[in-house]
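# Chains, contacts and geometry: an overview
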Amino acid sequence: MADALNPATRPTWNIDRDSCQVGNIGINRIVDLENIPFAADLIYPDSTPEIMEKIAGRLDKIHFGETSSDLYLSFHSYLIRTANHTILVDLCCGNDKHRPTRPHWHQRSGPFLDNLAEAGVAPDEVDIVMCTHLHADHVGWNTKLENGTWVPTFPNARYLFAEKEYNYWQALHDANPPEPVMYGSFEDSVLPVISSGQAEFVAGDHNVGSGVFLEPAYGHTPGNVMIHAEDNGRHAILCGDAIHHPVQLIHPEWSTNFCSDQSESRATRLALLANCAGTSTMLLPAHFQSPEYGTIEKDGDGYHLVR
Ligand SMILES: [Zn+2]
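Residues numbered from 1 in each chain as written. Predicted model: local features only at pLDDT ≥ 70, side-chain atom pairs only at ≥ 80, totals over all residues. Heavy atoms only, no water.

### Quick look at the sheet that holds strand β3 (residues 70-81)
As summarised here, the arrangement of the seven strands in space is β1-β2-β3-β4-β5-β8-β9, forming an open sheet in which the pairing is mixed. Edge positions in the open sheet fall to β1 (19-22) and β9 (199-202), since each of these has one partner strand only. Recorded for the sheet is a direction-independent mean angle of 25° between the axes of neighbouring strands. Here strand β2 (residues 25-39) pairs with β3 via eleven bridges, running antiparallel. Each bridged residue has a counterpart across the sheet, and for P37 the counterpart in β3 is Y72. The strands touched by helix α4 (residues 163-174) are β8 (158-162) and β9; relative to β8, the strand with the most contacts, the crossing angle is about 80°. Each of β8 and β9 touches helix α5 (residues 185-195); the most contacted strand, β8, lies at about 115° to it. (Pairing = 2+ DSSP bridges. Helix = DSSP H or I, 4+ residues; strand = E, 2+ residues; numbered from the N terminus. Axes fitted to C-alpha atoms, helices over the stretch in contact; angles between N-to-C directions. Contact = heavy atoms within 4.5 Å.)

Next comes the structure, spelled out in structure tokens:
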């Protein structure tokens, strides 16, 4: 793991290309949705309008809507290209999904696959799909609607699921709850991949190869993982929802209302940020607005990000 903040080994985000280079590994951001407002207190139980007002001034305006309590999130995948693999990580919200209680995700017809094509990749060229966890906003593009049936979007891909994460959601689904599991996304965006035979269950520390490997990051969900890309002394961590929004750089102790275990999530995030601080490791979260991707520096009781 790269451990010194050495400019020569520090990946930087290319804003024009919405991508970065980690040694010989290329990483592109593929957008599904951006500038989606969420009320701060919907995400963070510890937030108050007064605290938000105080900390918003320390962060870029791209992360906020009209007020400091109006947080903006991006929903994007990362496309990882190694010498051997074309990988998509975190599959966002998807098109045509029935999510009436989440209006921004409901019955969409967004240009995600066009955005992927713009990065030079057709669906049949993707050979690995991975989700850091199985929340509805990380599995959506696993499947697409074809003649009224949900089918895998990427016909030649192996879909790698962390076994612990999959087992948790499958048990909830098998309990036949009155409400569909995760707004229905387990049924429309995960189970069709199992039926097609494309799913592969892996350990939380699975090594994909060519510098790409998983690391357990439990707490946001029971089997949540982060994905590392490391090559030629360069290093990036696709940390999913271990950190949701830059307010958690200032308040790294804040877990979200969406975390299944808030104290485990807190411990995971504190360790991640402490390990990254002062190193040349680039952090690529699942929901930070563009182009807030970079390295991490200690800043008082919290941290700040260096683009
Ligand atoms: Zn998420």
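### Description of the coordination of the zinc ion
Each pair of donors in an ideal octahedron of six around a metal sits at 90 or 180 degrees, and each pair in an ideal tetrahedron of four sits at 109.5 degrees. On the protein side, the zinc ion has D137 (OD), H138 (NE2), D241 (OD) and H287 (NE2) as donor atoms, found 2.1 to 2.2 Å from it. Geometry at the zinc ion is irregular, judged from the four donor atoms that bind it and their angles of 87 to 163° at the metal. One chain supplies every donor to the zinc ion, and in sequence these donors are spaced D-H-x102-D-x45-H. Taken together, the residues H138 in the loop between β5 (128-130) and β6 (143-146) and H287 in the loop between β14 (282-285) and β15 (295-299) connect sequence positions 149 residues apart. For the pair H138 and H287, a shared accessibility class is recorded, and that class is buried. (Donors = N, O, S within 2.8 Å, 3.2 Å for Na, K, Ca; no water. Tetrahedral: all angles 85-135°; square planar, octahedral: opposite > 155°, others 65-115°. Buried < 20%, exposed > 50% of the residue type's maximum accessible area, 1.4 Å probe, protein only.)

### Some remarks on the packing of aromatic side chains
Scanning the entire structure with this criterion turns up twelve aromatic pairs. Following the ring pairs from residue to residue traces out a cluster consisting of F38, F75, W105 and Y183. Its end group placed over the ring of W150, K97 keeps NZ or CZ at 4.2 Å from the ring centre. Between R102 and the ring centre of W105, over which it is positioned, the NZ or CZ distance is 5.7 Å. (Phe/Tyr/Trp six-rings, centres within 6.5 Å; stacked < 30°, edge-to-face > 60°. Lys NZ or Arg CZ within 6 Å of the ring centre and 35° of its normal.)

### Considering empty space enclosed by the protein
Taken as a whole, this structure holds one cavity of 30 Å³ or more when the rule is applied. What the largest cavity holds in volume is close to 30 Å³. Every residue along the wall of the largest cavity is listed here: F75, H76, D90, C92, D137, H138, A286 and H287. Partitioned by chemical class, the residues of the lining of the largest cavity number three nonpolar, three polar and two charged. (1 Å grid on protein atoms, 1.4 Å probe; cavity = no way out; pocket = protein on both sides within 12 Å on 5 of 7 lines; lining within 4 Å. Points joined across faces, edges and corners; volume = space filled by probe spheres on them. Nonpolar A, V, L, I, M, F, W, Y, C, P; charged D, E, K, R; others polar.)

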